[in-house]
Protein chains: 2
Amino acid sequence: MTATHAAGRKLKDAIFDANQACNEAIKIHGADAVTNATIGVVLNEDGKLATLPTVEKTFRAMDFADMVAYAPISGLPAYLDAAIDLTFADNKPDAKFGAIATAGGTGAIHHAIANYAERGDAVLTSDWCWGTYNVICTETGKRLETFKLLDAELNFNISDFAVKVDSLLKKQKSLLVVINTPAHNPTGYALTDSEWDKVLDVLKAQASVGKNISLLVDVAYIDFAGEKNATRAFMKKFSDLPENLFVMVAFSMSKSFTFYGQRTGALIGISPDEKVIEEFKDVGKFSSRAAWSNINRGAQAVLIKMTADKNLMPVYEKERDNLYQMVARRAEVFVKESKDCGLQIVPYRGGFFIAVPAENPAVVCKKLHDDLIFAVPLKLGVRVAACSTSFEKMHGVAEKILRAMK
Amino acid sequence: MTATHAAGRKLKDAIFDANQACNEAIKIHGADAVTNATIGVVLNEDGKLATLPTVEKTFRAMDFADMVAYAPISGLPAYLDAAIDLTFADNKPDAKFGAIATAGGTGAIHHAIANYAERGDAVLTSDWCWGTYNVICTETGKRLETFKLLDAELNFNISDFAVKVDSLLKKQKSLLVVINTPAHNPTGYALTDSEWDKVLDVLKAQASVGKNISLLVDVAYIDFAGEKNATRAFMKKFSDLPENLFVMVAFSMSKSFTFYGQRTGALIGISPDEKVIEEFKDVGKFSSRAAWSNINRGAQAVLIKMTADKNLMPVYEKERDNLYQMVARRAEVFVKESKDCGLQIVPYRGGFFIAVPAENPAVVCKKLHDDLIFAVPLKLGVRVAACSTSFEKMHGVAEKILRAMK
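Residues numbered from 1 in each chain as written. Chains lettered and ligands numbered in written order. Predicted model: local features only at pLDDT ≥ 70, side-chain atom pairs only at ≥ 80, totals over all residues. Heavy atoms only, no water.

Draft legend 1. Representation of the interface of chain B and chain A within the structure. Taken together, the contact between chain B and chain A spans 78 residues of the former and 78 residues of the latter. Each partner contributes to the roughly 6,500 Å² buried at the junction of chain B and chain A, and carbon and sulfur atoms together form 59% of this total. The three residues of chain B that bury the most area against chain A are Met1, Phe64 and Phe286 of chain B, which together make up 15% of that side's buried surface. Here Asp282 of chain A and Lys10 of chain B are joined by a salt bridge, their closest N and O atoms 3.3 Å apart. Counting across the interface, chain B meets chain A through 37 residue pairs in polar contact (both at pLDDT 80 or more). Of the residues forming the side of chain B that touches chain A, the biggest block, 10 residues, is contributed by helix H11 (residues 274–291) of chain B. Classifying every residue of the side of chain B that touches chain A gives 35 nonpolar, 25 polar and 18 charged. (Contact = heavy atoms within 4.5 Å. Buried area = accessible area lost by both parts, 1.4 Å probe. Salt bridge = Lys/Arg side-chain N within 4 Å of Asp/Glu carboxyl O. Polar contact = N/O pair within 3.5 Å; in protein donor to acceptor, adjacent residues only side chain to side chain. Helix = DSSP H or I, 4+ residues; strand = E, 2+ residues; numbered from the N terminus. Nonpolar A, V, L, I, M, F, W, Y, C, P; charged D, E, K, R; others polar.)

Here is the structure:
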């Protein structure tokens, strides 16, 4: 009964499948015996969802009418200002900005792909990537092509990036590139300062010959990647860009505020040209009206209230930093043990996940079930969730993966 | 910088403009002197947002982790069950059902149009309609065509409906029809039992010659249209439909739970064929993943908690019914005074809005500003919000509109 373009669309859900296998093992062996490294949210050491007391306190003190009234289609203006401030911290580029409230980071990515890639054209991202990029491209009539994230030395593969950009722009007049950094999902990779320079050089070269280039930076996990301004230093590079190189940043409250299910994000546009920003806000508002009308006003109001209270923000940042440190300690165990036992992993620099390249990820994950370890098989390897695997249970996982691969 | 399909997209926002003009008048003349008939939510007689105590109580008693965890992409299963039960009450048709959680009613309509109309094809609705249908069609690469809602006697124009369906299906293999009833936005019209029979006869005739017909019923305002089962009686007619006549209902918590900004709805599919339902759930889940990943879990959990408590639901229904009665009393004033002074209006049978057909709606609305009355100029007439105009201020509005039209 569906339209022809939608016929047969069905999500493949490797995470759900892995998690379900895990839950079945828990039923038989008990939760203590099982290592669930499939879940993409921060769990405390006791396996319960980690939440931030300051966020909860603010949420509970809200006026009910503020929670349930409609928000403006583009978002509450003070929310958008707060989202911009949080996105850049002290690293605002010399440029004009605009923002549109979106249903989480997904909604932000949706709007960028819907409006900044031609129908039928390719959107470019790395081969290790969040599978939802592909779903959004399919839904909006685009397609996803990939460059190799890593070279043989496990550094950012700038040459493959340049080759793919060049080859697509032989066929396309414009190109949208999606880069998820720092704390890349699913690897934890982050572009270095000089890798960023090279990426921008490639894109500026294309812009200089008249191609319209859009760059979407997905920073969903940025607050789990290190010190606030250090992780955001690259954003300064978005100063004085050419007018036909448009940068967007996908802001999300999901991880930074443990506000996952409240679905609150924003798409932020950065351009030297105010007209590009106005156009960005117009088409974003149009897409929002079509997809969801407006997004969770209560969650926006919580952010406004929190950021307006200068005494509260340091308390919140400390709480959030504690979660980051908890995740980092777990990842450290895995990274160290990988090195000790000789398991090759993608360089991990922060974030929720660590990735192990593998020939047959599904086979490796299946084998790991013998050890009651559950991880997610991706196309290029195995994803281990440092966000949700306890410090204690993380010990020994690397070696068991190595054994499962043999 | 946008892709060609998005270039120049910009929302026209007649409601926002009207509301802004009103707010300027309030600054000069004070709120007491001004009649704001532009706002599309229920305001109490004191002009404050009406909320439901039982909803607030449930909301405030929620576990915080339940509010902020991710929901499944398709929605919490118990939420979907509750949405189905609330949608039909005692009028479940003899059919199979499926549901997908959506970002409000808008998200439900988005999914139906995205997946059940071919790119480039027309979607059919009435000429008096919610403008956002058009925005969704544009965004998803469809276009909106309309039939005349009313005939010369101000009854449902079944002949124009049949003509338009027939004419579109001469060019299209399939057709999606959108009907907003009862308590149609912006007129308050509702199809009678026999009008429903005629609509379904037209659609069944097309299905019988092999056309794939989808029907989306938008019931956003149903709980402001009368007694629960009386307003839903037409749903029984969706029993034993042909397999190629697929019915969807857009459920929304926005009005029924005064949960506007919490963005919680569902798209419900009704078919004799389980395969059609499975396909519906698959493509809906895919669209959800692409647009917003998942919707407000907290709001879903509130509905689950409320509907699980059989003692709570009658209390909630009483509170909601009080709001309905408050809106109905205001509408009654307008309808009676229209009749008394000879102002022709679209037959009002419930809901938030009343519509007055007019040749030059913008001119009429502008003229009304002299009386410090602010209403929304639509293409076919003037929209008066019974939901937000107080009982006291509603007196005299009809006559002033009549004068403004002369």
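That covers the picture; the talk isn't over yet.
Draft legend 2. Representation of the pattern of salt bridges within the structure. Within the structure shown, the criterion is met by 34 salt bridges over all chains. Of the charged contacts, one joins Glu56 of chain A and Arg60 of chain A as a salt bridge, the two residues approaching to 3.0 Å between their closest N and O atoms. In this pair, Glu56 of chain A and Arg60 of chain A both sit in helix H2 (residues 53–60), 4 residues apart, roughly one turn of the helix. According to the relative accessible area criterion, Glu56 of chain A is partly exposed, its value standing at 23%. When its relative accessible area of 33% is taken as the criterion, Arg60 of chain A is described as partly exposed. Between Asp223 of chain B and Arg320 of chain B there is a salt bridge whose closest N-O contact spans 3.5 Å. Placement of Asp223 of chain B in the loop between strand S6 (212–218) and helix H9 (228–232) and of Arg320 of chain B in helix H13 (residues 312–341) is noted, with a sequence separation of 97 residues between them. Given the relative accessible area of 8%, Asp223 of chain B is considered buried. For Arg320 of chain B, a relative accessible area of 9% gives the class buried. Here the salt bridges do not stand alone but share partners, grouping Asp193, Asp197 and Lys237 of chain A into one network. (Buried < 20%, exposed > 50% of the residue type's maximum accessible area, 1.4 Å probe, protein only.)

Draft legend 3. Representation of unusual backbone geometry within the structure. Between Thr181 of chain B and the following residue, Pro182 of chain B, the backbone shows a cis peptide bond with an omega angle of -10 degrees. Structurally, Pro182 of chain B can be placed in the loop between strand S5 (174–180) and helix H8 (193–208). Of the consecutive residues Asn185 of chain B and Pro186 of chain B, the connecting peptide bond is found in the cis state with omega at 15 degrees. One non-glycine residue, Arg263 of chain A, adopts positive backbone phi at about 55 degrees. Residue placement: Arg263 of chain A occurs in the loop between helix H10 (253–256) and strand S8 (265–271). Residues other than glycine seldom take positive phi values, yet Leu372 of chain B does so here, at roughly 55 degrees. Assignment of secondary structure puts Leu372 of chain B in the loop between helix H14 (361–368) and strand S10 (373–374). Judged by its relative accessible area of 16%, Leu372 of chain B is buried.

Draft legend 4. Focus on the pairing of strand S9 (residues 353–357) of chain A. Residues and elements named next belong to chain A. Most of S9 sits inside the fold, with 4 of its 5 residues counted as buried. By the bridge criterion, 5 bridges tie S9 to strand S12 (residues 381–385) in an arrangement that is antiparallel. Among the inter-strand pairings, Phe353 is bridged to a residue of S12, identified as Ala385. (Pairing = 2+ DSSP bridges.)

Draft legend 5. How the structure looks around the relation of the copies chain B and chain A. The transformation that overlays chain B on chain A combines an axial shift of 0.0 Å with a rotation of 180 degrees, and the residual RMSD is 0.0 Å. The relationship between the two copies is best expressed as a two-fold rotation axis. (Least-squares fit on C-alpha atoms with pLDDT ≥ 70 in both.)

Draft legend 6. Expanded view of the domain arrangement of chain A. Residues and elements named next belong to chain A. Under the domain assignment used here, chain A contains domain 1 (14–52 + 314–405) and domain 2 (63–308). On the side of domain 2, 25 residues touch domain 1, which itself brings 30 residues to the contact. Between domain 1 and domain 2, roughly 2,400 Å² of surface is buried when both sides are summed, and carbon and sulfur atoms account for 66% of that area. Our count for the contact surface shared by domain 1 and domain 2 stands at 2 salt bridges. Taken together, the connections running from domain 1 to domain 2 amount to 9 residue pairs in polar contact (both at pLDDT 80 or more). The set of elements that each furnish at least two residues to the side of domain 1 that touches domain 2 consists of helix H13 (312–341), S9 and S12. No other element matches the 6 residues that H13 contributes to the side of domain 1 that touches domain 2. Taken together, the residues of the side of domain 1 that touches domain 2 break down into 21 nonpolar, 5 polar and 4 charged. (Domains from an automatic or database assignment.)

Draft legend 7. Region of interest: the state of the cysteines. Residues and elements named next belong to chain B. If you walk through the whole model with that rule in mind, you get 0 disulfides over all chains. With no disulfide of its own, Cys129 lies 9.2 Å from the sulfur of Cys137, the closest cysteine sulfur. Among the cysteines around Cys365, which has no disulfide bond, Cys22 carries the closest sulfur, lying 12 Å off. (Disulfide = S-S within 2.5 Å.)

Draft legend 8. Representation of the packing of aromatic side chains within the structure. All names here are of chain B. The full count for this structure, using the stated rule, is 41 aromatic pairs over all chains. Aromatic side chains Tyr116 and Phe280 sit 6.5 Å apart centroid to centroid with 40 degrees between the ring planes, which places their arrangement in the tilted category. Of the two residues, Tyr116 is situated in helix H5 (residues 104–116) and Phe280 in helix H11; the sequence distance between them amounts to 164 residues. Comparing Tyr116 with Phe280 shows no difference in burial state: the two are buried. (Phe/Tyr/Trp six-rings, centres within 6.5 Å; stacked < 30°, edge-to-face > 60°.)

Draft legend 9. Structural view of the pairing of strand S4 (residues 143–147) of chain B. Residues and elements named next belong to chain B. Here strand S3 (residues 122–126) runs beside S4; their pairing, made up of 5 bridges, is parallel. Note on S4: the bridge partner recorded for Ala122 is Arg143. Traced from S3 through helix H6 (residues 132–139) to S4, the parallel crossover comes out right-handed. (Right-handed = clockwise from strand over helix to strand, strands pointing away.)

Draft legend 10. Highlighting the sheet that holds S12 of chain A. Residue and element names in this part refer to chain A. Taken in spatial order, the 3 strands of this open sheet run S9-S12-S11, and their pairing is antiparallel. The open sheet terminates on both sides in strands that have one partner only, identified here as S9 and strand S11 (376–377). Taken together, the 2 bridges between S11 and S12 define a ladder with antiparallel strand orientation. Paired with Val376 across the strands is Arg383, a residue of S12.

Draft legend 11. Here's a closer look at the sheet that holds strand S5 (residues 174–180) of chain A. All names here are of chain A. Reading across the sheet, the 7 strands line up as S2-S8-S7-S6-S5-S3-S4 and stay open at both edges, with mixed pairing between neighbours. Whereas interior strands pair on both sides, the edge strands pair on one side only; in this sheet they are strand S2 (96–102) and strand S4 (143–147). Along the sheet, successive strands turn relative to each other by an average axial angle of 25 degrees, direction set aside. The pairing of strand S3 (residues 122–126) with S5 spans 2 bridges and is classified as parallel. Its bridge partner being in S5, Leu124 is matched across the sheet by Val177. Along the sheet, helix H11 (residues 274–291) contacts S2, strand S7 (245–252) and S8; its crossing angle with S2, the most-contacted strand, is approximately 5 degrees. (Axes fitted to C-alpha atoms, helices over the stretch in contact; angles between N-to-C directions.)

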